[in-house]
Amino acid sequence: MDSADVVVIGAGVSGLSSAYRLAKAGRDVVVVDKGIVGGEASGRNGGMVSERVDEPALIPLAVEATRTWETLADELGYPTEFVQQGRLQVAVTEEEMGALHSERDNALRHGLHAEMVDPPEIRDMIPGITERTLGGLFFSKGGHANTQLAVQAFAWALQDLGGRLYQNTAVTGFQVVGDRVTAVETTAGPIAADMVVAAAGPQTGLMAGLVGVHIPVAPARVEILATAPIEPLTSIALVGNGLYGHQAVRGNLIFGGGAHEWADVDLTTTPGKPNTPLIRSIARRLAELLPEVADVPVIRSWAGVVEQAPDYMPIIDILDSPSNYVVVTASAHGFGISPATGKVVSDLVLYGETNIDIGGLGLGRFANVSPNWRHQRGWIPAPNRS
């Protein structure tokens, strides 16, 4: 039987960041994933980094992550293409303007810098942005990174520290003695473990069910498009018209946005990643937001599957039983906060607590949520897309 101090389930950005921090602390770490590094939404998202003042429970993690991103590539020894030129959120309706004022006030209450900007200032920041823009909120500490490069950087840095990475290896069960997991069963054989970190993305709920615990998360498909490269337009991360994204170092515009389509997954097969009519909606909204680049062709689009909690917020917690099982679910927030997630999870494994406030992200907040919550909200199965 293979063995490790810690088995991390999931080679997405949350799992790899956690594994890297644990390996850096001297622990023998194995990461297992039924697919490949960054194969789901970790490598298929808008790459946004921000203080997240719209979601107060996330602010401590997001602030720590934003600080860490500044030096992360140097620390890991591999490129992430992190660019910290700010994040601009623009409003095209009066309702959105009201939300921006509320976010600005929330930022100030938490000691964060956020500046309201008017349409002329926005046009200086983002040449060619729509004349419909009523105003915006600028976060100077915001930024963006290359998602696939960053996930791969964590993986390589983990391996440089002696961590092991088993791709295309599905977890099929757990051996539990008393109130502790003693081994993780996989398609490549069992792995004995002192601690388990389940960062299994859309499989998070299924994994927890194998140890008799209900975690209310449901899989959803996230879609992103990339345009052909264009001349430098902006280095600022941009949110507006229901979209989020940035211009990549190579000049491509990388943008995504909802609404996300509910999906289903199982433990051992890779979920489908077809594009849906949502891509047309994203392309249309991008042309509306940046009319001067409306004729730039879309050269590729892709999808990944995330997990969503009922309140659309992450869950980071240690189960009561099994007592050596840490749950990490990002609920579509994983990439931007991942450097802090790794620190928090490492702290929980090593010390049972962390000095970063995650009080609002515990599993206990769902004590009264029905296992049937998704159906109660009117969920219907997604069309069978090939």
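Up top is the structure these notes are about.
Figured I'd write up the structure that's included with this text. Since the model is a prediction, treat every value here as computed from it, not as a measurement. Within every chain, residues take consecutive numbers counted from 1 along the sequence as written. With the structure being a predicted model, the display of local features is reserved for residues of pLDDT at least 70 and the display and counting of side-chain atom pairs for 80 or more, all residues being used for whole-chain, interface and lining totals. Think of the side-chain values as coming from all heavy atoms in the structure, minus any hydrogens and water.

**Points about a negative patch on the surface**
Move 1: Taken together, the side chains of Glu-115, Asp-118, Glu-121 and Asp-124 present a region of like negative charge at the surface.
Move 2: Residue position: Glu-115 is located in strand β5 (residues 115-117).
Move 3: Classification of Glu-115 as partly exposed rests on a relative accessible area of 36%. The patches described consist of residues with a relative accessible area above 30% and no salt bridge, like charges being joined within 9 Å and nonpolar side chains (Val, Leu, Ile, Met, Phe, Trp, Tyr) within 5 Å. Working definition of accessibility: Shrake-Rupley area with a 1.4 Å probe, residue cover restricted to the visible protein chains. Salt-bridge detection follows one rule: a side-chain nitrogen of Lys or Arg within 4 Å of a carboxyl oxygen of Asp or Glu. The sign given to each residue is positive for Lys and Arg and negative for Asp and Glu; His and the chain ends receive no count. Where a charge lies is defined by one atom per residue type: Lys uses NZ, Arg uses CZ, Asp uses CG and Glu uses CD. Numbering of helices and strands runs from the N terminus, with a helix taken as a DSSP run of H or I at least four residues long and a strand as a DSSP run of E at least two residues long. Whether a residue is buried, partly exposed or exposed follows from its accessible area with a 1.4 Å probe, protein chains only, as a fraction of its type maximum: under 20%, in between, or over 50%, in that order.

**Focus: the pairing of strand β18 (residues 315-318)**
Residues in a regular strand project their side chains so that they alternate between the two faces of the sheet.
Move 1: Note: β18 against strand β19 (residues 325-329), four bridges, orientation antiparallel. Within β19, the position partnered with Ile-318 by the bridge is Val-326.
Move 2: For two strands to be treated as a pair, DSSP must find at least two bridges joining them. Connecting the antiparallel pair β18 and β19 is a turn made up of six residues.

**Here's the deal with empty space enclosed by the protein**
Over the atoms, a rolled probe matching the size of one water molecule traces out where space is still vacant.
Move 1: Put simply, the grid is 1 Å and covers the protein atoms alone, a cavity is a trapped set of points that fit a 1.4 Å probe, a pocket is an open set with protein on both sides within 12 Å along at least five of seven lines, and lining residues have an atom within 4 Å of a point. Grid points are joined across faces, edges and corners, and a volume is the space filled by probe spheres set on the points. Applying the stated rule across the entire model yields one cavity of 30 Å³ or more.
Move 2: Taken as a whole, the largest cavity holds about 40 Å³ of empty space.
Move 3: If you go around the largest cavity, the residues you meet are Ile-126, Leu-233, Thr-234, Ile-236, Leu-238, His-246, Gln-247, Leu-253, Phe-255 and Leu-290.
Move 4: Here the lining of the largest cavity is built from residues that sort into seven nonpolar, three polar and no charged. As a working rule, the residues Ala, Val, Leu, Ile, Met, Phe, Trp, Tyr, Cys and Pro are called nonpolar, Asp, Glu, Lys and Arg charged, and the rest polar, with Gly in that last group.

**Brief notes about the packing of aromatic side chains**
Move 1: Here the aromatic set is Phe, Tyr and Trp, taking the six-membered ring for Trp, and pairing holds for ring centres within 6.5 Å; pairs whose planes are under 30 degrees apart are stacked, those over 60 apart are edge-to-face, and all others are tilted. Applying the stated rule across the entire model yields six aromatic pairs.
Move 2: On the numbers, 5.2 Å between centres and 50° between planes, the contact of Tyr-78 with Trp-156 is tilted. Residue Tyr-78 is found in the loop between α2 (59-76) and β4 (87-91), and its partner Trp-156 is found in helix α5 (residues 147-160); the two are separated by 78 residues along the sequence.
Move 3: Owing to a relative accessible area of 38%, Trp-156 belongs among the partly exposed residues under this scheme.
Move 4: Ring-pair connections join several aromatic residues into one group, and the members of that group are Trp-69, Phe-82 and Phe-335.

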